[in-house]
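A look at the structure
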Amino acid sequence: MTADTDGPAAPPAMDRPRFRERPLTWTGDKARRAFTRLTTQAAALYGTAVLRIGYSSLYLIFLLHEYPRHDALWGPDAPWAPALNQQFANDPGLDWFAVDRWWYTFLGHGGRTWFEVWYHVAIVVCLLVALGWRTRFTSVCFALTIMAFTGRDVFLTDGGDNIMGLMAIYLAFTRCGARWSLDARRRHRRAGARRAQGVPEFAWPDTPSGRAWAEIDRTREEVVTFLHNAAVLVIAAQICVVYAAAGLYKSQGSYWQNGTAIYYTLKLDWFRPWPGLSDFMAGQSVMIAMVAYLTVFVQIAFPFAVFSRWLKYPCLVALLGMHFSIAVVMGLPLFSAAMMVGDAVFLPEPAWRWVGGRVRRAMTRVPRLPVPPALARPILDRPVPATPQSQEESGLPHQAQPDRSASH
């Protein structure tokens with residue numbers, strides 16, 4: 001995870017206090033510079049964009065895949081009745097279901113027409129989040145959508161649903177629409193149109209009220225950046241906890257200790273979508289034993305490897321291979337895809353910029369349909385909102401322009 005924007009210039013190394021000379025001053029300087037970075041430099045903007053696109057696309061595919069039987073799974077006549085859910089939620093050991101009980105009631109008590117409307121609304125929300133349209137609003141709606149379907153039938157969920165539900169909540173606090181989104185495209189076009197027409201960027205007037213509004217805007221920007229960075233850290237910590245917990249639980253099992261866990265898993269009828277492939281892999285006893293030991297080792301070591309600049313990449317490659325194998329051999333594509341998308345937050349920003357450049361070059365080779373003349377008018381010919389040119393022209397404080405920061 002690397003910062004995507006450049007913050008204020010740090011003081012020269014020779015001017016900074018040394019720990020041996022002034023330990024308290026050195027500690028305070030370190031803490032001050034860390035806090036400044038958290039509030040001024042947004043980290044992993046491309047990584048959160050990949051998470052936004054990945055999770056919303058996965059849930060969109062999931063809703064479309066279950067469309068022929070969506071009424072039987074989540075509709076008013078679903079086996080998981082509201083009375084059963086109420087009895088289940090009143091268990092003192094399951095207090096977390098009280099949080100989304102109201103949303104479950106909203107989705108399941110309105111009749112068949114009500115449910116059909118909101119099921120299609122959920123599909124539209126997933127599509128809008130994937131495209132990055134008004135992500136400040138649609139990301140919150142996406143988190144509520146996953147909570148609604150999870151609470152509607154708790155026994156239909158698996159690890160993939162739980163991971164996507166948590167990540168959707170975290171993404172609501174990030175600037176996941178700052179890159180590769182319709183929001184970013186709109187801000188870029190507006191900024192380009194203003195520069196082409198010679199309209200200066202808005203500046204608060206040098207008056208007491210103007211300075212107050214400027215300070216409020218700066219504080220808001222720092223708070224939004226801090227929330228984004230905190231959410232990114234929580235996302236990374238969540239992925240590390242999942243891998244560490246899985247590895248530690250595996251290490252306690254006797255089948256994983258003697259290297260036969262994968263063999264017995266391949267023999268389970270519930271996880272054999274390709275019986276021939278499962279039988280072939282079960283016959284490679286030495287290979288699957290080595291893979292079992294490597295899986296446990298990599299999962300336990302991953303939370304520590306992320307602090308290394310180069311060691312985390314071999315671990316990510318091994319984990320991606322593990323999830324791809326689980327998706328194909330065991331028939332668990334949703335869980336595997338959810339974990340693979342979550343791993344994207346650990347890749348550096350230059351790698352995603354390179355991927356974006358390759359995708360743009362590939363898109364330029366795709367033939368485009370002719371645009372009608374009525375829609376071909378350039379954006380520079382469209383009216384641009386007037387912006388005050390000087391302090392005298394501004395009688396009241398104006399809001400900052402939408403492209404002034406990625407948080408708008």
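The structure reproduced in this document is the subject of the present report. Owing to the predicted nature of the structure, the values given are computational and were not obtained by experimental measurement.

As a further point, take a positive patch on the surface. Together, Arg358, Arg360, Arg361 and Arg365 line one region of the surface with positive charge. Tracing the backbone shows Arg360 in helix 17 (residues 349–364). On the basis of relative accessible area, Arg360 is assigned to the exposed category, the value being 52%.

All right, on to the side chain of Thr138 then. Among the structural elements, Thr138 can be located in helix 7 (residues 135–152). Sequence-distant contacts of Thr138, defined by excluding residues within four places in its chain, comprise Val125, Leu128, Val129 and Trp133.

Scanning all chains against the criterion turns up 10 salt bridges. Among the salt bridges present, the one from Asp71 reaches Arg112, with a minimum N-O distance of 2.6 Å. Here Asp71, found in helix 3 (residues 70–74), pairs with Arg112, found in helix 6 (residues 111–131); they are 41 residues apart in sequence, far enough to count as distant. What makes Arg112 partly exposed here is its relative accessible area of 40%.

Below, the discussion takes up the environment of Thr157. Relative to the elements of secondary structure, Thr157 occurs in the loop between helix 7 and helix 8 (159–171). The partly exposed category is assigned to Thr157, whose relative accessible area is 24%.

Moving on: the packing of aromatic side chains. Following the criterion strictly, the structure yields 17 aromatic pairs and no others. Each ring, one from Phe302 and one from Phe346, has its centre 5.2 Å from the other, and the planes form 90 degrees; the classification is edge-to-face. Highlighted residues: Phe302 in helix 14 (residues 285–305) and Phe346 in the loop between helix 16 (333–342) and helix 17, separated in sequence by 44 residues. For the residue pair Phe302 and Phe346, the accessibility class agrees, reading buried in each case. Ring centres of Trp310 and Tyr313 lie 6.2 Å apart, and the angle between their planes is 55 degrees; on these two criteria the pair is classed as tilted. In this structure Trp310 comes out as exposed when scored by relative accessible area, which is 65%. An aromatic cluster is present here, built from Tyr59, Phe62, Tyr67, Trp74, Phe115, Tyr119, Phe142 and Phe149 joined pairwise through their rings. Positioned above the aromatic ring of Trp256 is the side chain of Lys250, whose terminal nitrogen or guanidinium carbon lies 5.4 Å from the ring centre.

Below, the discussion takes up the nonpolar core. With 55 residues, the main nonpolar core has Tyr55, Tyr59, Leu63, Phe142, Phe302 and Phe346 as its most contacted residues. In terms of residues, this core owes the most to one element, helix 2 (residues 45–65), which gives 9 residues. Excluding its chain neighbours within four sequence positions, the residues that come into contact with Tyr55 are Phe142, Ile163, Met164, Met167, Leu171, Ala338, Val341 and Gly342. One finds Leu266, Ala282, Ala292 and Val329 within the second-largest nonpolar core, a separate group that totals 6 residues.

Conventions we followed
- Residues numbered from 1 in each chain as written.
- Predicted model: local features only at pLDDT ≥ 70, side-chain atom pairs only at ≥ 80, totals over all residues.
- Heavy atoms only, no water.
- Patch = residues over 30% accessible without salt bridge, like charges linked within 9 Å, V, L, I, M, F, W, Y side chains within 5 Å.
- Areas by Shrake-Rupley, 256 points an atom, 1.4 Å probe, with all protein chains shown as cover.
- Salt bridge = Lys/Arg side-chain N within 4 Å of Asp/Glu carboxyl O.
- Lys, Arg positive; Asp, Glu negative; His and termini not counted.
- Charge placed at Lys NZ, Arg CZ, Asp CG, Glu CD.
- Helix = DSSP H or I, 4+ residues; strand = E, 2+ residues; numbered from the N terminus.
- Buried < 20%, exposed > 50% of the residue type's maximum accessible area, 1.4 Å probe, protein only.
- Contact = heavy atoms within 4.5 Å.
- Phe/Tyr/Trp six-rings, centres within 6.5 Å; stacked < 30°, edge-to-face > 60°.
- Lys NZ or Arg CZ within 6 Å of the ring centre and 35° of its normal.
- Core = buried A, V, L, I, M, F, W, Y, C linked by side-chain atoms within 4.5 Å.

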